[in-house]
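Each chain, letter by letter, is given below.
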Amino acid sequence: MKEAIVVGVSDSPSSEAATRWAVQRAAALKLPVLLVHAVDDRWAYDAIGYNEWIRESGEKFLVTAKDRAEKVEPTVKISTDLVSGGAGYALRKRSKTASMVVIGSGHSWAGGSLADRALQVAAVAKCPVAVIGEHDMTSRHGVLVGVDGSEESTQAVAFAAAEADREGQELTVLHAFRTPDPWVDRGVPHGNFFELVTEEERVVLAETVAGLADKYPDLVVHQNLETHMRPGEALVNAAATARLLVVGSRGRGGFKRLLMGSTAHAVLTKLPCPTIITRIQPVKHSE
């Protein structure tokens with residue numbers, strides 16, 4: 001059986017949007033979908049049968065969610081799973097055998113800050129995670145990916161290129177870094193420090209996209225070097241009209257103990273469009 005797309009579902013508009021996005025992707029890739037609903041009854045007092053009631057409510061909700069998903073894409077095989085405990089734990093466990101985990105942003109307004117639970121799932125999952133808000137997809141175009149020269153970002157580019165090529169979209173590869181303050185430049189005795197640093201980062205950007213033309217000859221690739229904004233801010237701004245944003249789980253600036261890099265965290269807390277956090281292969285970081 002092909003690895004399913006796992007969708008964490010709840011009774012919220014963003015969860016409905018996530019389900020629609022997931023089943024449409026599943027139809028295109030010919031993958032099954034697993035709808036997971038978590039009933040967190042760990043702290044419930046069961047003297048009056050409360051646990052049984054919330055599980056029955058959860059089962060009824062999954063029936064409705066499955067019916068809604070099947071109407072979106074009748075060709076997709078959809079199954080359901082009602083689990084006890086926290087949603088983060090349940091989705092992390094199922095992410096070990098999933099092709100992707102898809103979750104709603106957790107809020108009822110487009111571009112709203114990501115709910116704590118959704119952020120937790122994005123941080124701990126073992127496969128790519130798509131976070132979907134209630135964005136109006138009309139007139140949106142293009143796939144955007146953030147890079148910084150790390151191996152994770154190189155993997156993110158590979159993922160984004162495949163998505164853009166499959167969808168017939170153009171790909172924009174954005175590398176953002178803040179240039180040094182003027183006083184730093186004045187302290188360097190030889191040459192223009194700003195130009196030297198910028199040229200080095202331009203090389204990083206070029207090396208990141210090297211080989212894409214050979215693998216995807218019809219793919220239009222744009223390179224964007226941003227020198228005035230931090231990466232998270234630059235990606236949020238650039239993705240305002242994008243169909244999809246792809247970001248690596250961590251970058252070259254991440255501490256080894258962190259589950260998610262600061263750029264990915266910044267993007268998810270101001271979700272500009274459907275966003276995928278990639279985790280293709282584990283990368284060993286030097287101390």
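Notes on the structure in this doc start here. From a predicted model like this one, the values you see are computed outputs, not experimental measurements.

### Digging into the pairing of strand 10 (residues 275–278)
Part 1 of the reasoning: Of the two faces of strand 10, the one holding Thr275 and Ile277 and the one holding Ile276 and Thr278 are both buried throughout.
Part 2 of the reasoning: Summarising the sheet, strand 5 (residues 129–132) and strand 10 pair through 3 bridges and their orientation is antiparallel. Bridge pairing links Ala130 to Ile276 in strand 10.

### Re the environment of Val23
Part 1 of the reasoning: Position of Val23 relative to the elements: it lies in helix 1 (residues 13–29).
Part 2 of the reasoning: Between the alpha carbons of Val23 and Glu73 there is a distance of 6.3 Å; along the sequence they are 50 residues apart.
Part 3 of the reasoning: Once residues lying within four places of it in the same chain are set aside, the contact partners of Val23 are Val33, Ala69, Val72, Glu73, Val76 and Ile78.

### Details of the pairing of strand 6 (residues 143–147)
Part 1 of the reasoning: Strand 6 sits mainly inside the fold: 5 of its 5 residues count as buried.
Part 2 of the reasoning: Because side chains alternate across strand 6, one face comprises the buried residues Val143, Val145 and Val147, and the other comprises Leu144 and Gly146, equally buried.
Part 3 of the reasoning: The pairing of strand 6 with strand 7 (residues 171–176) spans 5 bridges and is classified as parallel. For Val145, the partnering residue across the bridge sits in strand 7 and is Val173.
Part 4 of the reasoning: Chirality of the crossover, the property in question, places the unit of strand 6, helix 5 (residues 151–167) and strand 7 among those that are right-handed.

### A short note on helix 5
Part 1 of the reasoning: The end-to-end C-alpha distance of helix 5 is 25 Å, a good match for the 24 Å that 17 residues give at a rise of 1.5 Å each.
Part 2 of the reasoning: Where helix 5 is concerned, the buried positions are Glu152, Ser153, Gln155, Ala156, Val157, Phe159, Ala160, Ala161, Glu163 and Ala164.
Part 3 of the reasoning: Following helix 5 by one or two positions, Gly168 adopts a phi angle in the positive range, close to 70°.

### Side note on the sheet that holds strand 9 (residues 244–248)
Within a sheet, adjacent strands bond to each other through the backbone by hydrogen bonds, running parallel or antiparallel.
Part 1 of the reasoning: Spatially, the 10 strands line up as an open sheet ordered 3-2-1-4-5-10-9-6-7-8, and their pairing is mixed. This sheet does not close on itself; its edge strands, each paired only once, are strand 3 (78–84) and strand 8 (221–226). Put simply, the sheet's adjacent strands are angled 20° from each other on average, direction ignored.
Part 2 of the reasoning: Relative to strand 6, helix 5 is tilted by about 170°, and along the sheet it contacts strand 4 (100–104), strand 6, strand 7, strand 9 and strand 10.
Part 3 of the reasoning: Each of strand 6, strand 7, strand 8 and strand 9 touches helix 9 (residues 231–238); the most contacted strand, strand 7, lies at about 155° to it.

### What about the side chain of Ser153?
Part 1 of the reasoning: Within the secondary structure, Ser153 sits in helix 5.
Part 2 of the reasoning: At a separation of 3.4 Å, a polar atom in the side chain of Ser153 contacts the main-chain amide nitrogen of Gly149.
Part 3 of the reasoning: Once you skip the residues sitting within four places of it in the chain, Ser153 turns out to touch Gly146, Val147 and Asp148.

### Quick word on unusual backbone geometry
Part 1 of the reasoning: Although it is not a glycine, Lys30 adopts a positive phi angle of roughly 60°.
Part 2 of the reasoning: For Lys30, the position within the fold is in the loop between helix 1 and strand 2 (33–39).
Part 3 of the reasoning: Assessed through its relative accessible area of 64%, Lys30 is described here as exposed.

### Focus: a positive patch on the surface
Part 1 of the reasoning: Taken together, the side chains of Arg92, Lys93, Lys96 and Lys126 make up a positively charged region of the molecular surface.
Part 2 of the reasoning: Among the secondary structure elements, Lys93 is positioned in helix 3 (residues 87–95).
Part 3 of the reasoning: Residue classification places Lys93 among the partly exposed residues on the basis of a relative accessible area of 48%.

Procedures and definitions
- Residues numbered from 1 in each chain as written.
- Predicted model: local features only at pLDDT ≥ 70, side-chain atom pairs only at ≥ 80, totals over all residues.
- Heavy atoms only, no water.
- Buried < 20%, exposed > 50% of the residue type's maximum accessible area, 1.4 Å probe, protein only.
- Helix = DSSP H or I, 4+ residues; strand = E, 2+ residues; numbered from the N terminus.
- Pairing = 2+ DSSP bridges.
- Contact = heavy atoms within 4.5 Å.
- Right-handed = clockwise from strand over helix to strand, strands pointing away.
- Expected span 1.5 Å × (residues − 1).
- Axes fitted to C-alpha atoms, helices over the stretch in contact; angles between N-to-C directions.
- Polar contact = N/O pair within 3.5 Å; in protein donor to acceptor, adjacent residues only side chain to side chain.
- Patch = residues over 30% accessible without salt bridge, like charges linked within 9 Å, V, L, I, M, F, W, Y side chains within 5 Å.
- Areas by Shrake-Rupley, 256 points an atom, 1.4 Å probe, with all protein chains shown as cover.
- Salt bridge = Lys/Arg side-chain N within 4 Å of Asp/Glu carboxyl O.
- Lys, Arg positive; Asp, Glu negative; His and termini not counted.
- Charge placed at Lys NZ, Arg CZ, Asp CG, Glu CD.

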